[in-house]
Amino acid sequence: MRPPEATMRKQTDAPLFPFWVEDRGLSFFLAFLVLITIFVPMFRLSRPWRIGMDLIFALMLFSGAIATIRQRVSMYLIVALTVLEFTADLIVEFNPSLGHWGWDTALKVSGLAILVVMTLRHTFRPGPVSVHRVMGGVAAYLLIGLTWAFGYKLLMQECPDAIYFQSSFAFAGTPTGLATIPTGEPSRLIYFSFATLTSVSYGDAYPIHRVARSLAMAEALIGQLYPAILIATLVGMTLQARSSEEMGG
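The model shown is predicted, which means the values in this text are computed figures rather than measured ones. (Residues numbered from 1 in each chain as written. Predicted model: local features only at pLDDT ≥ 70, side-chain atom pairs only at ≥ 80, totals over all residues. Heavy atoms only, no water.)

1. Here we look at the overall build of the protein chain
The secondary structure content of the protein chain amounts to eight helices and two strands. Scanning the protein chain from its N terminus toward the C terminus, one meets helices and strands in the order α-α-α-α-α-α-β-α-β-α. Burial statistics for the protein chain: of 249 residues in total, 41% are counted as buried. Restricting the contact set of the protein chain to residue pairs at least 6 apart, pairs at least 24 apart contribute 72%. (Helix = DSSP H or I, 4+ residues; strand = E, 2+ residues; numbered from the N terminus. Buried < 20%, exposed > 50% of the residue type's maximum accessible area, 1.4 Å probe, protein only. Contact = heavy atoms within 4.5 Å.)

Structure follows, in structure tokens:
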């Protein structure tokens, strides 16, 4: 009969957020990111939908910090960042005049960057390589594109003409074609970010400001190197796991 101490320990060690422990959670996360990057920009979201999206990202970041980080100080810092980021989104959502400072966008960039690291750590943790791990690598790739999109948004809040959009992509009231991205509507920057990440250029948008050019060059380099590094790492993990099984057998 199992001693009560062992039973209590097993219940205590149960993960609070299974998403960050089970590989299949990566596939669901990828589906959510595909929805965000491809289908959401097609529509102008209402306020409740935007708040819902911000809440989901905040929950993902919060749950990832609780489940994957063992250092208490780091975990508390990320949880505090999550609360600040979601609070800033709500404040700017109900008072857009405060959005020009860019603090809400800066917090979102930080949160997305941390989420990239958490997703990669989960993808490359020890264990057999499954289809869900591959989906996790793709999810991290999409997160990189989203992180850069909000980085461009942060830059354009300081310098509205940092990226040039043709007139068909410009907003009303910008006859020169220099697009100003309003708070809560980063769809055009998501388009520009993924066009840069995948090195697909249609000539309808390009960086002008020197900082925007540097960001675009860095993103393009990551977009070229990331798939090769991802494939090589996953193949190496597969071969290592197979070799360990043969030696153990």
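Picking up where we left off.
2. Some details on empty space enclosed by the protein
Over the atoms rolls a probe the size of a water molecule, and its path tells where empty space is left. If you walk through the whole model with that rule in mind, you get one cavity of 30 Å³ or more. As for the largest cavity, its lining consists of Phe57, Ala58, Leu61, Glu85, Leu107, Lys108, Gly111, Leu112 and Leu115. Elements that contribute at least two residues to the lining of the largest cavity include exactly helix 3 (47–68) and helix 5 (103–123). For the lining of the largest cavity, a count of residues per class yields six nonpolar, one polar and two charged. (1 Å grid on protein atoms, 1.4 Å probe; cavity = no way out; pocket = protein on both sides within 12 Å on 5 of 7 lines; lining within 4 Å. Points joined across faces, edges and corners; volume = space filled by probe spheres on them. Nonpolar A, V, L, I, M, F, W, Y, C, P; charged D, E, K, R; others polar.)

3. Comments concerning unusual backbone geometry
For serine 199, which is not a glycine, the phi torsion comes out positive at approximately 60°. Position of serine 199 among the secondary structure elements: in the loop between helix 7 (187–197) and strand 2 (205–207).

4. A short note on the confidence of the model for the protein chain
Note: predicted coordinates in regions of low pLDDT should not be interpreted at a detailed level. Predicted confidence across the protein chain gives a mean pLDDT of 80, with 82% of residues reaching 70 or more. Low pLDDT (under 50) marks residues 4–13, which in the prediction has two contacts with non-local residues, meaning those over four places away or in another chain. (pLDDT = per-residue confidence, 0-100.)

5. Notes on the side chain of threonine 147
Relative to the elements of secondary structure, threonine 147 occurs in helix 6 (residues 131–158). Excluding residues that lie within four positions of it along the chain, threonine 147 makes contacts with Val109, Leu112, Ala113 and Val116.

6. Focus: helix 5
Spanning 21 residues, helix 5 covers 30 Å between terminal C-alpha atoms, matching the ideal 30 Å at 1.5 Å per step. Buried within helix 5 we find Asp104, Thr105, Leu107, Lys108, Gly111, Leu112, Leu115, Val116, Met118, Thr119, His122 and Thr123. (Expected span 1.5 Å × (residues − 1).)

7. A word on the packing of helix 2 (residues 24–39) against helix 6
In contact at an axis separation of 8 Å, helix 2 and helix 6 are set at 35° when each is read in the N-to-C sense. As helix 2 packs across helix 6, the resulting crossing turns out to be left-handed. Judged by residue contacts, Arg24, Leu26, Ser27, Phe29, Leu30, Leu33, Val34, Ile36 and Thr37 of helix 2 engage His132, Arg133, Met135, Gly136, Val138, Ala139, Leu142, Leu143 and Leu146 from helix 6. Per-class residue counts for the contact of helix 2 with helix 6 are twelve nonpolar, four polar and two charged. (Axes fitted to C-alpha atoms, helices over the stretch in contact; angles between N-to-C directions. Left-handed = near helix turned anticlockwise from the far one by under 90°.)

8. As for the packing of aromatic side chains
Here a ring pair, both rings aromatic, is described through the centre-centre distance and the interplanar angle of the planes. Within the structure shown, the criterion is met by four aromatic pairs. Their ring planes at 70° and their centres at 5.1 Å tell us that tyrosine 152 and phenylalanine 192 sit as a pair that is edge-to-face. With tyrosine 152 in helix 6 and phenylalanine 192 in helix 7, this pair connects stretches of sequence that are 40 residues apart. In this structure tyrosine 152 comes out as buried when scored by relative accessible area, which is 0%. Ring geometry for tyrosine 164 versus tyrosine 206: centroids 5.1 Å apart, planes at 35°, classification tilted. Of this pair, tyrosine 164 sits in strand 1 (residues 163–165) while tyrosine 206 is found in strand 2, placing the two residues 42 residues apart along the sequence. Take tyrosine 164: its relative accessible area is 22%, and that puts it in the partly exposed class. (Phe/Tyr/Trp six-rings, centres within 6.5 Å; stacked < 30°, edge-to-face > 60°.)

9. A look at the environment of leucine 115
Positionally, leucine 115 belongs in helix 5. On the basis of relative accessible area, leucine 115 is assigned to the buried category, the value being 2%. Separated by 50 residues in sequence, leucine 115 and alanine 65 have C-alpha atoms that sit 9.1 Å apart. Residues contacting leucine 115, with those up to four places away along its chain left out, are Trp20, Phe29, Phe57, Met60, Leu61 and Leu143.

10. Things to note about a nonpolar patch on the surface
On the surface, a nonpolar cluster with roughly 530 Å² of combined accessible area is contributed by Leu35, Ile38, Phe39, Met42 and Phe43. Position of isoleucine 38 among the secondary structure elements: in helix 2. (Patch = residues over 30% accessible without salt bridge, like charges linked within 9 Å, V, L, I, M, F, W, Y side chains within 5 Å. Areas by Shrake-Rupley, 256 points an atom, 1.4 Å probe, with all protein chains shown as cover. Salt bridge = Lys/Arg side-chain N within 4 Å of Asp/Glu carboxyl O.)

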